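Chain residues, written in single-letter form:
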Protein chains: 2
Amino acid sequence: MSDGSKKGRDGTFALTCAVPDSGNDTIQLAHGGGGRAMARLFDSIVRPAFDDPELDRRHDGAVLPIEGALAFTTDSYVVKPLFFPGGDIGTLAVNGTVNDLAMCGAKPLYLSVGFILEEGFPLASLRRIACSMRDAARAAHVRLVTGDTKVVDHGKADGVFINTSGVGQIVAPTPIGPNAICSGDAIILSGDIGRHGMAVMAAREGFGFETPIESDCAPIAAPVLALIEAGIGVHCLRDLTRGGLASALVEIAETGRQAITIDETAVPVRPEVGAACELLGLDPLHVANEGRFVAFVSRRDKDRALEVLRRLDITSGAVVLGEVHDGPPGQVSCRGPLGVDRVLDMLNGEQLPRIC
Amino acid sequence: MSDGSKKGRDGTFALTCAVPDSGNDTIQLAHGGGGRAMARLFDSIVRPAFDDPELDRRHDGAVLPIEGALAFTTDSYVVKPLFFPGGDIGTLAVNGTVNDLAMCGAKPLYLSVGFILEEGFPLASLRRIACSMRDAARAAHVRLVTGDTKVVDHGKADGVFINTSGVGQIVAPTPIGPNAICSGDAIILSGDIGRHGMAVMAAREGFGFETPIESDCAPIAAPVLALIEAGIGVHCLRDLTRGGLASALVEIAETGRQAITIDETAVPVRPEVGAACELLGLDPLHVANEGRFVAFVSRRDKDRALEVLRRLDITSGAVVLGEVHDGPPGQVSCRGPLGVDRVLDMLNGEQLPRIC
């Protein structure tokens, strides 16, 4: 922000722009009507926060340069509560979509933002979320270039839902995805798991764990680009969101028609996360993350890939998790501390609703 | 559809795919959990309906070819009711975003789809909406290439909200937008106005007008591409959605810092729409449309532009509406049947909430 913001006492940026409508500091149905109030809401909160020249065109979309093939992805965010230790729905909406682009082997470039706002939602909260999005976009080097706001009547949404879609430029030299994995591939996990899910759950239920758990929500494009730049043979990438590590591995094994074996003792779980999972009867392998991924790389590149990742803060705790092999297609086995294998499945039913 | 659908008795396609979960034909929270139920929902409804090879990759995003500059846009759809004469939320979600791309001077290519589903929402309705989206995408020659589903608890949404984002390839030779309008430009309106807004309102409130009003919801990329192909000097395009014709003209005049005068007697309004507006005290100039646009073109191209548009069914009723001139920047005047000018403003407050 150049002049539309100032550093607040709590360390976050506070937009100084005026409240859109006098006398009422909450979202009104008129803010969704396509008329003056909607224009004012956009001009006073979204535009100054996102601060991209494309938004100043006030047109129906953005016009953008790109070279070569593009990656295109979308996600809606309905996390509850909206604010949690380590982030909020805005941070999540930017990082989640940035990460999906990175998982395609793309450099994230542009994001769109669609807000669905509930009548009565405090403008101050919207402003805080818009600022989180701006900060997250800057940290991830993406531009928020086009947006939309809709308003629904009181009781017909839950504060705010956000959709972000993203466009990136493919930089990986070969296609990345479940179909590209092959027997012998090493599976690397980028760091400890389970923090996002447990942080959101603790915030929602008001659990006061002895050691507070912060979400791992973060952009993971930089480590992916570093792997590609180093010439590592990257076959598949997957961020470990809803459904956790286990669901991601099962989906990859099923789609790629390969077998996977992982070493449970290699999976990093922080003590406070492990304790919270044990207390609540949850398996950390099924808990959501928002800044973690697995990379399937050529066996010969395994050590170099680890080295590249460990040089970056966000992936300094990367480990070799297991490998792809010629077992039954779609089967994911997990070898436990006593040497006994168990077969992993996708999350069945619902563990933690509305985690992202 | 190849094998996943058959033509139903009512003329629409009915997917034959099995119901995702036995014993309960509605959305469950587990459908949003990132695990087995979510995968099943996607595989049984979304994938067979959309039927795009990119969706089969089961990856976090789509990888797509594009040439030159791209247009990128987003919209969320919260229309109430979900089904209305002339369309439903699915038709709207495809056409609305296709139209936004066309308004950038782009050929629409790819759409993403994000569903926010309420627990308890009937799967049959979701299936019907997915089929509408497939049919609308085919009609508009765009591909639905990537998607996401989220589920929120009962009472925390209103059935289903849909976000679509779109990517298109810029084909206009010069930038199109409010900043490109200039004094002397002719303003062309593509056809009669007010049908979408009145159709949705009648469906919502249960009004039984003598002549039923059908939404004008339709893709308008073809006429835009025809104008560009014919070499017409197109300066600005705008579809007339929320806020209607008046809000669109005011926003363009304000952003482009020009004055506009239109001839009210030139505005086509069908008799049944005019009668319904009069009955309800609404100004047709503020009522939403979903298949109408204004084109600002060079004065010298006016007649040829009309000719190009009138050749196509969707724009056969195109008219010259007015012109841009050197009056007070941002002012939009409307000359009535008695020769008296009134100044138009954007819609103030809320006329018809949740119209799209």
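Quantities reported herein were computed from a predicted structural model and do not represent experimental measurements. (Residues numbered from 1 in each chain as written. Chains lettered and ligands numbered in written order. Predicted model: local features only at pLDDT ≥ 70, side-chain atom pairs only at ≥ 80, totals over all residues. Heavy atoms only, no water.)

Visitor: Sorry if this is basic, but what is going on with the relation of the copies chain A and chain B here?
Guide: Applying a rotation about an axis and a shift along it to one chain copy brings it onto the other copy. The operation relating chain A to chain B is a screw motion whose rotation component is 180°, with 0.0 Å of axial translation and a residual RMSD of 0.0 Å. When the rotation and shift are considered jointly, the pair of chain copies conforms to a two-fold rotation axis. Ranked by how close their C-alpha atoms come to the rotation axis, the residues of chain A are headed by Ala157 of chain A, at 2.2 Å. A high fraction, 100%, of the interface residues of chain A reappear at the interface in chain B, so the copies pair face to face through one surface. (Least-squares fit on C-alpha atoms with pLDDT ≥ 70 in both. Contact = heavy atoms within 4.5 Å.)

Visitor: Please clarify how the domain arrangement of chain A should be interpreted in this entry.
Guide: Note on interface size: it is often stated as the accessible area lost on association of the parts. All names here are of chain A. Assigned domains of chain A: these are domain 1 (5-170) and domain 2 (178-344). Facing the 20 residues of domain 1 at the interface are 22 residues of domain 2. A buried area of about 1600 Å², summed over both sides, lies between domain 1 and domain 2, and 68% of it is on carbon and sulfur atoms. When residues of domain 1 are sorted by the area they lose upon contact with domain 2, Pro85, Asn99 and Met103 head the list and together hold 33% of the total. There are zero salt bridges connecting domain 1 and domain 2. (Domains from an automatic or database assignment. Buried area = accessible area lost by both parts, 1.4 Å probe. Salt bridge = Lys/Arg side-chain N within 4 Å of Asp/Glu carboxyl O.)

Visitor: Teacher, can you tell me more about the packing of helix α5 (residues 195-205) of chain A against helix α8 (residues 271-280) of chain A here?
Guide: Packed helix pairs are characterised by how far apart their axes lie and by the angle those axes make with each other. Residue and element names in this part refer to chain A. Between α5 and α8, the shortest axis-to-axis distance is 10 Å and the interhelical angle comes to 60°. With respect to their mutual orientation, α5 and α8 come out oblique. Like other packed secondary-structure pairs, α5 and α8 cross with a definite hand, here left-handed. Residues Arg195, Met198 and Met201 of α5 pack against Val273, Ala276, Cys277 and Leu280 of α8. Class assignment for the residues of the contact of α5 with α8 results in six nonpolar, no polar and one charged. (Axes fitted to C-alpha atoms, helices over the stretch in contact; angles between N-to-C directions. Helix = DSSP H or I, 4+ residues; strand = E, 2+ residues; numbered from the N terminus. Parallel < 35°, antiparallel > 145°, perpendicular 65-115°, else oblique. Left-handed = near helix turned anticlockwise from the far one by under 90°. Nonpolar A, V, L, I, M, F, W, Y, C, P; charged D, E, K, R; others polar.)

Visitor: What should I look at first to understand the interface of chain A and chain B in this one?
Guide: The interface is formed by 81 residues belonging to chain A together with 82 residues belonging to chain B. Buried area between chain A and chain B, summed over both chains or domains, comes out near 6300 Å², and the portion from carbon and sulfur atoms is 53%. Among the residues of chain A in contact with chain B, Arg36, Phe72 and Arg242 of chain A are the three that bury the most area, contributing 13% of the side total. Where chain A packs against chain B, one counts 14 salt bridges. The salt bridge involving Arg36 of chain A is made with Asp345 of chain B; its shortest N-O contact spans 2.4 Å. Inspection of the region where chain A meets chain B yields 24 residue pairs in polar contact (both at pLDDT 80 or more). Broken down by element, the residue count for the side of chain A that touches chain B peaks at eight residues, all from strand β8 (residues 143-152) of chain A. Tallied by class, the residues present in the side of chain A that touches chain B amount to 35 nonpolar, 25 polar and 21 charged. Sheet topology places strand β4 (residues 70-77) of chain A next to strand β3 (residues 62-64) of chain B; three bridges connect them, and they run antiparallel. Pairing of Phe72 of chain A across the sheet is with Ala62 of chain B, part of β3 of chain B. (Polar contact = N/O pair within 3.5 Å; in protein donor to acceptor, adjacent residues only side chain to side chain. Pairing = 2+ DSSP bridges.)

Visitor: Explain the side chain of Asp153 of chain B to me, please; I cannot follow it from the model alone.
Guide: Within the element layout of this structure, Asp153 of chain B appears in the loop between β8 (143-152) and β9 (160-170). In this structure the side chain of Asp153 of chain B is engaged in a polar contact, spanning 3.0 Å, whose partner is the side chain of Arg354 of chain A.

Visitor: Before we go on, may I ask you to explain the UniProt feature "domain: PurM-like C-terminal" (unreviewed entry) in chain A in this structure?
Guide: With numbering aligned to this structure, UniProt lists the feature "domain: PurM-like C-terminal" (unreviewed entry) at residues 184-332 of chain A. Note that residues 184-332 of chain A is 35% helix and 19% strand, and that its end C-alpha atoms are spaced 14 Å apart. (UniProt positions renumbered as here; feature names shortened; annotations may be inferred.)

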